[in-house]
Amino acid sequence: MIRQFELVERVRKYDPQADENLLNRAYVFSMKAHGTQMRASGDPYFSHPLEVAGILTEMRLDSHTIVTALLHDTVEDTVATIEEIEELFGKDIAKLVDGVTKLSRIEIQTDSLHQAENFHKFLLALSNDIRVLLVKLADRLHNMRTLHHIKDADKRRRIAMETMDIYAPLAERIGMRGVKEELEDIAFQEINAEAYDSVTQRLGFLRKKGIRASKSIARQIRSTLSKAGLKTQVSGREKTPYSIWNKMERYHVAFEQLADVMAFRVIVGDVAACYQALGIIHAKWPMVPGRFKDYISMRKRNGYRSIHTTVIGPRQLRIEIQIRTGEMHDVAEHGVAAHWRYKQGAQEVDGSQYRWIQELLEILEQASSPEEFLEHTKLAMFHDQVFCFTPKGELVSLPRGSTTIDFAYAVHTGVGDTCVGAKVNGRLVPLRHQLSNGDQVEILRSKAQTPSPRWESFVVTGKARAAIRRFVRKQQRAEYAELGQIILESAFRQQDRDFTEKALKEILPKFKLQELGELYVSVGQGLYSEREVLRAVFPAIEFKPPAQGAGVPVRDWEPGGPVPDVAIPIRGLTPGVAVHLAECCHPLPGDRIVGIRGSGRGIIVHTIDCENLGGETEDQDGWLDLSWRGQPEEPDSFIGRLELVVVNEPGTLAQITSGVAKQGANIANLRMTARDPQFFTILVDVEVTNVKHLNSIAAALRSMGVVSSADRVREGEPLQAFVSRKPEAAQKSVKSKAKKGKATKAASRKKTGKKSTKAPPKPAKVSARAGKPGKKAAAS
């Protein structure tokens, strides 16, 4: 255990102006406060804060941080109070101790909810003063060093997992490589002891075999640089067991296939000498392509700066070489702690200067739950990075695999929300385009744009995902409320009752709700039905069918019949939010539609003749009359599906796509589902405005000589169901159609004496229904 005078001497060795009296008083106060408390190892509890302070002296931190380390457990584990700390040691130290004390509870939580809630406090505390994180990391490091004294295996594993998930990434983010690697190795040994033993045994064998080779290679590198006039320090460094195992897992290679278990560091005087040394090394030994990284010109987010290169070096061995200055090396080893030695007294402790902390705080604001925040935080801390540039040359670092949407949100949440497109290196790319190192990205924006729920399926960063989810939640609530109000108004009107907000507010306690908007949202989501609300308002109500002239019930409606006046209009509601268009029947404006409630999912819209509705066997009490009333000024785009049976000849697809385009539509998806040497069947998803638009496209396609039939698909079967079909009936009719088409073309060529360049005339009309393979397969 470190003695009192030894601790003071350690601090004064690198900080002669340190307050010796303050350190002595803190040492004595902590020792008396902990008294006879013991740790699981059997050591006095006071040994723990003393060892934490010792770790921080190795980082050469200021005396206030050392005092905080000595006192960090006194408020949590003894009778001492924050007020007492402030009175004896000052406001600054009391604030630091309070921050670390609040974080200590994160270690004793067993469920993700409490862990995430404490992590909230963690970030908020360190955003005010980064020294809170330094003390906490030193505290965790000493706890991990003594982890083996805990007898409960489950508790040891939980602490190790927590260290791997939270503390090691945090240490990496502030550039404390040594702390990060030690935390990872101890946690790795506990989580996967078998793998740890395997890697360390092989490392031990290589160490015995290659220690002379390592020293020899270092001497040759030093000699080569010295002959060129450079003063350098060269040393070899063995990579840690966890980093080796992680690389083996990531690249799916065996230990023997790893060529860079050893890395060599070259320390030079200044930045110019770094590049000079790089040129000398590359001139002496051939570089391995794709293994050069310049973190001096593009530093990492944690402040790390160095040049990395891999060469085929002495003895024809593949070796990694890292070139940096002495200051860069100090920062690489100790991260943010090293900045105290290069600020010349201007010690910046405000954690908000670190952009990654700001990003995590933004995620905190946008997350809907602690668990979601913890998920996004892990995403934000774990991924490898790519470095991209704005058009003005500003550097933006992102996790590997990030898209242009991730880039937009990294610049600013407002930029991401209004992103409509992107240019990468001057070329237009899709929003899901993955970025590479060195890309210059320009984001195209529109005030009318809003985040799409689809974006969440391909974004990578926690910040982007949290912002998208926040907008979607807000939009969902608004649309559920609007839908719920429309449903209630329609139900009241159908029962000849007056719809008043006053009456609804009076029944809120019956549903355990506080606001009227919550009732609308609950009805829109399908958590409560309109009948439940009506019965709550009018307990003696007897429900009746629609009044004369208001239409007919859903179950009695016949195709071509009138749409009930009480039908609920859904136009203007965003598909996929509160209202979901069924993929089985692809309802379009102009179709007679009904809605099926899904508890907590809003309404699923089907056509009235959709086979998935189940006819009379379906529970129709949950059906809602819907209509397409309320056509917006700008027509929406919907997906209509057509099944085509076409001739298998060159140019067929070109004619089909051209025909669809001439009708002002766009093909969203296309799949061939059956084929033979002469004919094949295609399912085409087309973006249309309504049923009339889809019918006009189908009619235009039928008029083509290469198309035998074009029908709307509404059987409610997945695309795969069509694969095994053979359109036999359609083939018979199309053969006749094709023969007539060929005969017409032959007659035309004979008459004109030259080869025709025009499209063939319209052949004899073939019944679309006669050759529809879907009906035939269904009948069979």
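Calculation notes
Residues numbered from 1 in each chain as written. Predicted model: local features only at pLDDT ≥ 70, side-chain atom pairs only at ≥ 80, totals over all residues. Heavy atoms only, no water. Pairing = 2+ DSSP bridges. Helix = DSSP H or I, 4+ residues; strand = E, 2+ residues; numbered from the N terminus. Axes fitted to C-alpha atoms, helices over the stretch in contact; angles between N-to-C directions. Buried < 20%, exposed > 50% of the residue type's maximum accessible area, 1.4 Å probe, protein only. Phe/Tyr/Trp six-rings, centres within 6.5 Å; stacked < 30°, edge-to-face > 60°. Lys NZ or Arg CZ within 6 Å of the ring centre and 35° of its normal. Contact = heavy atoms within 4.5 Å. Patch = residues over 30% accessible without salt bridge, like charges linked within 9 Å, V, L, I, M, F, W, Y side chains within 5 Å. Areas by Shrake-Rupley, 256 points an atom, 1.4 Å probe, with all protein chains shown as cover. Salt bridge = Lys/Arg side-chain N within 4 Å of Asp/Glu carboxyl O. Lys, Arg positive; Asp, Glu negative; His and termini not counted. Charge placed at Lys NZ, Arg CZ, Asp CG, Glu CD. pLDDT = per-residue confidence, 0-100.

Peer 1: Please explain the sheet that holds strand β10 (residues 441–445) as it appears in this structure.
Peer 2: Whether parallel or antiparallel, the strands of a sheet pair through hydrogen bonds between backbone atoms. Spatial ordering of the open sheet is given by β9-β8-β10, a layout of 3 strands whose pairing is antiparallel. In the strand order of this sheet, the two ends are held by β9 (427–429) and β10, each with one partner. For this sheet, the mean inter-axis angle between neighbouring strands, taken without regard to orientation, is 35°.

Peer 1: What should I look at first to understand helix α22 (residues 516–525) in this one?
Peer 2: Among the 10 residues in α22, 8 count as buried, and that is most of the element. All of the buried residues in α22 are Leu516, Leu519, Tyr520, Val521, Ser522, Val523, Gly524 and Gln525.

Peer 1: Is there a simple way to think about the packing of aromatic side chains in this case?
Peer 2: Any two aromatic rings considered together are summarised by their centre-to-centre distance and by the angle between their planes. One pass over the structure, following the stated rule, counts 9 aromatic pairs. With 5.8 Å between their ring centres and 75° between their planes, Phe188 and Tyr196 make a pair best called edge-to-face. Assigned by exposure class, Phe188 and Tyr196 land together as buried. Positioned above the aromatic ring of Tyr45, the side-chain terminus of Arg39 is 5.9 Å from the ring centre.

Peer 1: What exactly am I supposed to notice about helix α4 (residues 63–71) here?
Peer 2: Side chains that are three or four residues apart share a direction in an α-helix, a result of its 3.6 residues per turn. For α4, the buried fraction is high: 8 of the 9 residues fall into the buried class. The set of residues buried in α4 consists of Ser63, Thr65, Ile66, Val67, Thr68, Ala69, Leu70 and Leu71.

Peer 1: Sorry, what's going on with the side chain of His34 here?
Peer 2: Locating His34 in the fold gives a position in helix α2 (residues 20–34). A residue is classified by how much of its surface remains accessible, and His34, at 1% relative accessible area, is buried.

Peer 1: Sorry, what's going on with the sheet that holds strand β2 (residues 262–268) here?
Peer 2: Spatially, 5 strands are ordered β1-β2-β5-β4-β3 in an open sheet, and the strand pairing comes out mixed. Pairing within the sheet leaves two strands with one partner each, and these edge strands are β1 (233–238) and β3 (293–294). Pairing between β1 and β2: 6 bridges, direction antiparallel. Bridged to Glu238 within β2 is Met262. Across the face of the sheet, helix α14 (residues 271–284) comes into contact with β2, β3, β4 (307–312) and β5 (318–325) while running at roughly 160° to β5.

Peer 1: Whenever I open this one, a negative patch on the surface confuses me. Can you help?
Peer 2: There is a patch of like negative charges on the surface, built from Glu83, Glu84, Glu86 and Glu87. Tracing the backbone shows Glu87 in helix α6 (residues 82–89).

Peer 1: What is the right way to look at the confidence of the model for the protein in this model?
Peer 2: Fine structural detail should not be taken from predicted coordinates in areas where pLDDT scores are low. Per-residue pLDDT for the protein has a mean of 77; in total, 73% of the residues score no lower than 70. Under a pLDDT of 50 for its full length, residues 379–383 has, in the predicted model, 19 contacts with residues more than four places off or in other chains. Throughout residues 716–780 the model reports pLDDT below 50, and contacts reaching past four residues in sequence, or to other chains, amount to 75 contacts.

Peer 1: Just checking my understanding: could you explain unusual backbone geometry for this structure?
Peer 2: Note: most residues except glycine have negative phi, and most peptide bonds are trans. The backbone of Asp496 shows a phi angle near 55°, a positive value even though the residue is not glycine. Along the chain, Asp496 turns up in the loop between α20 (462–494) and α21 (501–506). Asp496 sits in the exposed class, given a relative accessible area of 53%. Phi at His586 is positive, roughly 45°, even though this residue is not glycine. Mapping His586 onto the fold places it in the loop between β12 (579–581) and β13 (593–598).

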